[in-house]
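Residues per chain are reported as follows:
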Amino acid sequence: MSQSPDRRTVLRGAALAGVACFGAAACAAGGQESSDRPASDAPVELGPASEVPVGGAKLYGKQRMLVSQPVKGEFKCFSAVCTHMGAVLNQIERGQGVCPLHGSRFMAATGEVAQGPAGRPLEEIPVRAENGKLIAG
């Protein structure tokens, strides 16, 4: 005859199952941080507009944004999150934002894919210069 578990064993197992589910949910939520969306939809002050060179671009790693200034006074802002696997671009090289994960490259002036494996352009984010400072979002 098989022995059934006592009440304490059943409760302990239920508690462990609850902890495991909570841990799995926390891990799943953590993965959302590397989605295509920037860190926040709220407007963010990035700093002086003068830090973005004319004809060039600057990465804002903490805000996960890339800002370019194709012509003097015209700014473009994109999410710096690679559309392939969600890594954050880590450098700008020859006018292209570079993903460190698989080498995707994006045109800093347009957000378009310059080199795969990414197949979609970077998400554009509204940006404006206000009192000499860049405001994105």
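Located above this text is the structure these notes cover.
Computed from a prediction, not measured in an experiment: that's the story for all the values here.

## Considering the overall build of the protein chain
Each helix and strand in the protein chain was counted, giving one helix and 11 strands. In sequence order, the secondary structure elements of the protein chain are arranged as α-β-β-β-β-β-β-β-β-β-β-β. Sorting the 137 residues of the protein chain into buried and exposed places 31% on the buried side. Here the contacts in the protein chain between residues at least 6 apart in sequence split such that 43% fall between residues at least 24 apart. Accessible surface, the protein chain as shown: approximately 8300 Å² in total, 56% of it carbon and sulfur.

## A closer look at the sheet that holds strand β5 (residues 91-93)
The four strands are arranged β5-β6-β7-β8 in an open sheet whose pairing can be described as antiparallel. Here the strands that pair on one side only, and so sit at the sheet edges, are β5 and β8 (113-115). With strand direction ignored, the average angle separating the axes of adjacent strands in the sheet is 35 degrees. As paired elements, strand β7 (residues 105-107) and β8 share two bridges and run antiparallel to each other. Among the inter-strand pairings, Arg105 is bridged to a residue of β8, identified as Gln115.

## Quick notes on the side chain of Gln96
Its location among the elements puts Gln96 in strand β6 (residues 96-98). Separated by 3.2 Å, the side chains of Gln96 and Arg105 make a polar contact. The residues touching Gln96, leaving out its near neighbours within four places in the chain, are Gln91, Arg105, Phe106, Met107, Ala108 and Ala114.

## Brief notes about the pairing of strand β2 (residues 57-60)
Pairing geometry for β2 and strand β3 (residues 65-71), over four bridges, is antiparallel. Note that in β3 the partner of Leu59 across the bridge is Leu66. Adjacent in sequence and paired antiparallel, β2 and β3 are bridged by four residues, among which Arg64 carries a positive phi angle near 55 degrees.

## What about the sheet that holds strand β10 (residues 127-130)?
As summarised here, the arrangement of the three strands in space is β1-β11-β10, forming an open sheet in which the pairing is antiparallel. In this open sheet, the two edge strands, each paired with only one partner strand, are β1 (44-48) and β10. The average undirected angle you get between the axes of adjacent strands in this sheet is 25 degrees. In this structure, β10 lies alongside strand β11 (residues 133-136), joined through four bridges in antiparallel fashion.

## So, the side chain of Ser79
Tracing the backbone through its elements, the reader meets Ser79 in strand β4 (residues 74-79). A polar contact of 3.2 Å, which involves the side chain of Ser79, links it to the backbone nitrogen of Val81.

## Quick word on the environment of Ser104
Structurally, Ser104 can be placed in the loop between β6 and β7. For the pair Ser104 and Pro117, spaced 13 residues apart in sequence, the C-alpha separation works out to 5.7 Å. For Ser104, the residues in contact, after removing those within four places along its chain, are Cys82, His84, Gly97, Val98, Cys99, Gln115, Gly116, Pro117 and Ala118. Polar side-chain contacts of Ser104 include one of 2.9 Å to the backbone nitrogen of Ala118.

Thresholds applied
- Residues numbered from 1 in each chain as written.
- Predicted model: local features only at pLDDT ≥ 70, side-chain atom pairs only at ≥ 80, totals over all residues.
- Heavy atoms only, no water.
- Helix = DSSP H or I, 4+ residues; strand = E, 2+ residues; numbered from the N terminus.
- Buried < 20%, exposed > 50% of the residue type's maximum accessible area, 1.4 Å probe, protein only.
- Contact = heavy atoms within 4.5 Å.
- Areas by Shrake-Rupley, 256 points an atom, 1.4 Å probe, with all protein chains shown as cover.
- Pairing = 2+ DSSP bridges.
- Axes fitted to C-alpha atoms, helices over the stretch in contact; angles between N-to-C directions.
- Polar contact = N/O pair within 3.5 Å; in protein donor to acceptor, adjacent residues only side chain to side chain.

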